[in-house]
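Each chain, written out:
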Amino acid sequence: MTNDSFLFTVHGQRYIFRCNGKGTELLIDRAHEKAVYEMLSAIDITERVVVLSTDPGYKISCYYEGAHVCDPHNMDEVGRCMRALRSFHERRLTAEKIFNPFDAVCHYENMLQGRTNLPPEYREVRRAVFGLQTFVSPFLESSQTLCHIDSVADNFLFVEGRESPYLIDWEYAGRCDPLIDVAMFALYANYTEEETERLIAEYFPEGFDRAIKVRVYAYMAVGGLLWSCWCAYKSSFGVTFGLYADNQFRFAKTYPAKVQTLLGGIG
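All values derive from a computational prediction rather than experimental measurement.

Draft legend 1. A look at the pairing of strand 2 (residues 13-19). As paired strands, strand 1 (residues 4-10) and strand 2 are joined by seven bridges and run antiparallel to one another. Within strand 2, the residue paired with Leu 7 across the bridge is Ile 16. Where strand 1 hands over to strand 2, the hairpin turn is made up of two residues, of which His 11 adopts a positive phi near 50°. Across four bridges, the pairing between strand 2 and strand 4 (residues 59-62) is antiparallel. Residue pairing across strands places Ile 16 opposite Ser 61, the latter belonging to strand 4.

Following this line, the structure appears as structure tokens:
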């Protein structure tokens, strides 16, 4: 969704060439992306990258024959993804860049000025979403763990011979609250509340309380607003995402109220 990718063959080996999509120079810090990949190269958690440039940010990586991405409605695969994600978070890796979703929304809004119109109810929805900032800020400020941020089903790659999937495409990675990665998976999969609870249970097989659930819902609210802005920005370059963009804004509209209800129950 961010870039264009091409498959090519050299001496019988197939590779993927990633060509930067329009407008990505304002979306992605390629130097940071390269630093993250270099850190992860010693850990068997991501695809093998042959070369990654910072300017303009081209990437060539190995193509895995017979591989497939996660099916978000296959709970066996989802469970394997959440175990891989939990294991990655528990490594407590760090990075220079901090990812704050509220700051990211403001950044995207600045890029949008004069380029495209957001939904007419955007300001009202934004106020409700930013009303959650006080609640999640302590978790964001105390986080020292590298997170994927774009931890959607399509970025979990199942390769033959491996129990754990590779987690690929680290363009948006940064230090954050690990629960944001769970929320991003649920957002992209367009999960219901029931499906989201099953997802959280796969990440926390030992069980979880309402406080965990409300944090995930809060990140789904701000994540929906964030990716709505992202879609609006990409649409200014002629790239549209239809139902995906509508779904993201729906999460931003409906989940702040769910968070406030849960917070009332927690007291």
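Next comes the rest of the write-up.
Draft legend 2. Inspection of helix 7 (residues 193-203) at higher detail. For helix 7, the set of buried residues is Thr 196, Leu 199, Ile 200 and Tyr 203. For helix 7, the angular spread of buried residues about the axis comes to 95°, placing them on one side.

Draft legend 3. A look at empty space enclosed by the protein. With the rule as written, the count across this model stands at one cavity of 30 Å³ or more. Space inside the largest cavity adds up to approximately 30 Å³. If you trace the largest cavity, you find it lined by Ile 45, Ala 84, Leu 85, Phe 156, Pro 165 and Leu 167. Here the lining of the largest cavity is composed, by residue class, of six nonpolar, no polar and no charged.

Draft legend 4. Spotlight on the nonpolar core. Ranked by size, the top nonpolar core spans 81 residues in total, and within it Tyr 108, Phe 185, Met 220 and Trp 227 carry the most contacts. A total of 17 residues in this core trace back to one element, the largest contributor, which is helix 8 (residues 210-235). If we skip the residues at most four places from it in the chain, Met 220 touches Ala 183, Ala 186, Leu 187, Thr 196, Phe 251 and Tyr 255.

Draft legend 5. Representation of the pattern of salt bridges. The full count for this structure, using the stated rule, is 18 salt bridges. A salt bridge links Lys 59 to Glu 47, with the nearest nitrogen and oxygen atoms 2.8 Å apart. Of this pair, Lys 59 sits in strand 4 while Glu 47 sits in the loop between helix 1 (30-40) and strand 3 (49-52), and the two are twelve residues apart along the sequence. Residue Lys 59 is classed as buried on the basis of its relative accessible area of 3%. The residue Lys 213 makes a salt bridge to Glu 197 at a minimum N-O spacing of 2.6 Å.

Draft legend 6. Structural context of the sheet that holds strand 2. The four strands lie next to each other as 1-2-4-3, forming an open sheet whose pairing is antiparallel. Edge strands, defined here as strands with exactly one partner in the open sheet, are strand 1 and strand 3. For this sheet, the mean angle separating the axes of adjacent strands, direction not counted, is 20°. Relative to strand 4, strand 3 runs antiparallel, the two sharing three bridges. The partner of Val 49 across the bridge, within strand 4, is Ser 61. With respect to the sheet, helix 1 is in contact with strand 2, strand 3 and strand 4, its orientation differing from that of strand 3 by roughly 150°.

Draft legend 7. Local environment of the environment of Leu 26. Within the secondary structure layout, Leu 26 lies in the loop between strand 2 and helix 1. Non-local contacts of Leu 26, meaning those with residues more than four positions away in its chain, are made with His 107, Met 111 and Tyr 233.

Draft legend 8. Structural view of the layout of surface pockets. Roughly 710 Å³ of internal volume is contained in the largest pocket. Considering the residues around the largest pocket, the lining is formed by 32 residues, among which Met 1, Asp 154, Asn 155, Ile 168 and Asp 169 are closest to the centre. Only strand 1, strand 2, strand 4, helix 6 (179-189) and helix 8 provide two or more residues apiece to the lining of the largest pocket. In terms of residue class, the lining of the largest pocket is built from 19 nonpolar, six polar and seven charged.

The rules behind the values
- Residues numbered from 1 in each chain as written.
- Predicted model: local features only at pLDDT ≥ 70, side-chain atom pairs only at ≥ 80, totals over all residues.
- Heavy atoms only, no water.
- Pairing = 2+ DSSP bridges.
- Helix = DSSP H or I, 4+ residues; strand = E, 2+ residues; numbered from the N terminus.
- Buried < 20%, exposed > 50% of the residue type's maximum accessible area, 1.4 Å probe, protein only.
- Arc of directions from axis to C-beta.
- 1 Å grid on protein atoms, 1.4 Å probe; cavity = no way out; pocket = protein on both sides within 12 Å on 5 of 7 lines; lining within 4 Å.
- Points joined across faces, edges and corners; volume = space filled by probe spheres on them.
- Nonpolar A, V, L, I, M, F, W, Y, C, P; charged D, E, K, R; others polar.
- Core = buried A, V, L, I, M, F, W, Y, C linked by side-chain atoms within 4.5 Å.
- Contact = heavy atoms within 4.5 Å.
- Salt bridge = Lys/Arg side-chain N within 4 Å of Asp/Glu carboxyl O.
- Axes fitted to C-alpha atoms, helices over the stretch in contact; angles between N-to-C directions.

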